[in-house]
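Remarks on the overall topology
Okay, here's what each chain looks like letter by letter:
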Amino acid sequence: MKTKTILAWFAINQIKRKGKKMPKKVLKRLKHFLKSLELEKKSYTAICREIGISYYCGVDSSTKLQKGALLEYKTLGLYLAPATLSGINLCPFACVGCILACLGGSGHNLIEKRSGKNLIDISRIKKAWIAMLLPEVAEKLICHEIERERLKRDMAIVSQRIRWNLAVRLNCTSDLDFSHIMRKYPDLQFYDYTKDQWRTKRPNYHITYSYATMSPARIEWYRNKLANGMNLAIPVIAGDVKRVLQDIPFAFSMDTTDLRFLDGREASFGILKAKETLHTLEGVEEGFILDYEGVKELIRVLKDCNGFKSQIKNNKKLKHFSNV
Ligand code: SF4
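Parameters at a glance
Residues numbered from 1 in each chain as written. Predicted model: local features only at pLDDT ≥ 70, side-chain atom pairs only at ≥ 80, totals over all residues. Helix = DSSP H or I, 4+ residues; strand = E, 2+ residues; numbered from the N terminus. Rg over C-alpha atoms; globule rule 2.2 N^0.38 Å. Buried ≥ 20, exposed ≤ 12 C-beta atoms within 10 Å, placed from the backbone. Contact = placed C-beta atoms within 7 Å. Domains from an automatic or database assignment. Nonpolar A, V, L, I, M, F, W, Y, C, P; charged D, E, K, R; others polar. Near = placed C-beta within 6 Å. Expected span 1.5 Å × (residues − 1).

**Describing the overall build of the protein**
- When helices and strands are counted, the protein shows 14 helices and eight strands.
- Expected size for 324 residues packed as a compact globule is a radius of gyration near 20 Å; at 21 Å, the protein falls within 12% of this value.
- Viewed in the frame of its principal axes, the protein has a C-alpha envelope of about 65 × 50 × 35 Å.
- Per-residue burial for the protein yields a buried fraction of 39% across its 324 residues.
- Considering only contacts in the protein between residues 6 or more positions apart, those separated by 24 or more positions represent 65%.

**A word on the domain arrangement of the protein**
- Domain boundaries assigned for the protein yield domain 1 (1–196) and domain 2 (211–324).
- For domain 1 and domain 2, the distance between their C-alpha centroids amounts to 28 Å.
- Facing 25 residues of domain 1, the contacting portion of domain 2 comprises 23 residues.
- Counting residues per element, the ones that place at least two in the side of domain 1 that touches domain 2 are helix H4 (63–66), strand S2 (73–77), helix H5 (96–100), helix H6 (108–114) and strand S4 (189–194).
- Residue composition of the side of domain 1 that touches domain 2, grouped by class: 15 nonpolar, six polar and four charged.

**Some thoughts on the site of the ligand**
- Around the ligand, the neighbouring residues are Pro 82, Ala 83, Cys 91, Ala 94, Cys 98, Ile 99, Cys 102, Gly 104, Thr 173, Ser 174, Asp 175 and Lys 195.
- Split by residue class, the shell around the ligand holds seven nonpolar, three polar and two charged.

**With respect to helix H8 (residues 135–158)**
- With 24 residues, H8 extends 34 Å from end C-alpha to end C-alpha; this agrees with the ideal 34 Å at 1.5 Å per step.
- For H8, every residue scored as buried is listed here: Val 137, Ala 138, Leu 141, Ile 142 and Ile 146.
- Along its buried surface, H8 packs onto helix H3 (44–51), S2, helix H7 (119–133), strand S3 (165–169) and helix H9 (179–182).

Take a look at the structure:
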């Protein structure tokens, strides 16, 4: 039986576990099988062919990433199976609401799920296993693709045909530390959204902190990040986005493009229109996706934060937020 068929079989069985961790026995068998393939000795093309993927990271492979074209950017993005979809946790700082309403289940993946198919999830699960169980192989694939896209960009500039920049987002649907890869390419711009309070910026790495819940511990993290000038990305229900953007002067849309390193904002709320998934409503119920009142409540609990207390106190637009 072909490797890609065996991996797809493992993946389909994992999908049936609905996000539960993979049983130890199964994980051991999967690890043993992956090691036996000796992928680290193979070329980029041979690895992709063997595991049955067309690419590891894709260029502008989602509508959000494609919006970078407005600012002459192409984005190399890596979409892995989020949270414990692969049976291994790729989002150690996730909350219940974000796991349920994760954008990994939106867009084409949602259309697939509704038609009873799982091809996107199977591909992302296989990639997640490579990232977690064979990290040296993942690094080889990522570096190959980064260097290939960087060369294409340089060639385009030299030939004066078309000028575009390259950005890299390795955590499109995961929250892992890829600093070992960023260190290799100081000339390239990397960026992420993260819920990891210990993740640090680098000269070539921009981070936007992600809202999760209003638990006291998370609130402390938001305060700390805002006080340090970082922006906080907040998913808001579609119907309330316009009102939030109109009424809150330190809120701006993060849907225009995904190029967060070009935001030019500090200590602000980045508003993301919540994407439709099979569990959007549960995301709202768990307090991960906020409505207008939820954003107002968040401002209330953060009002003393050094990052923006002066913005709140001095702005007339906020005066109708009577309790702020
Ligand atoms: S941390 Fe991000 S990628 Fe992971 S489950 Fe939550 S929303 Fe999805």
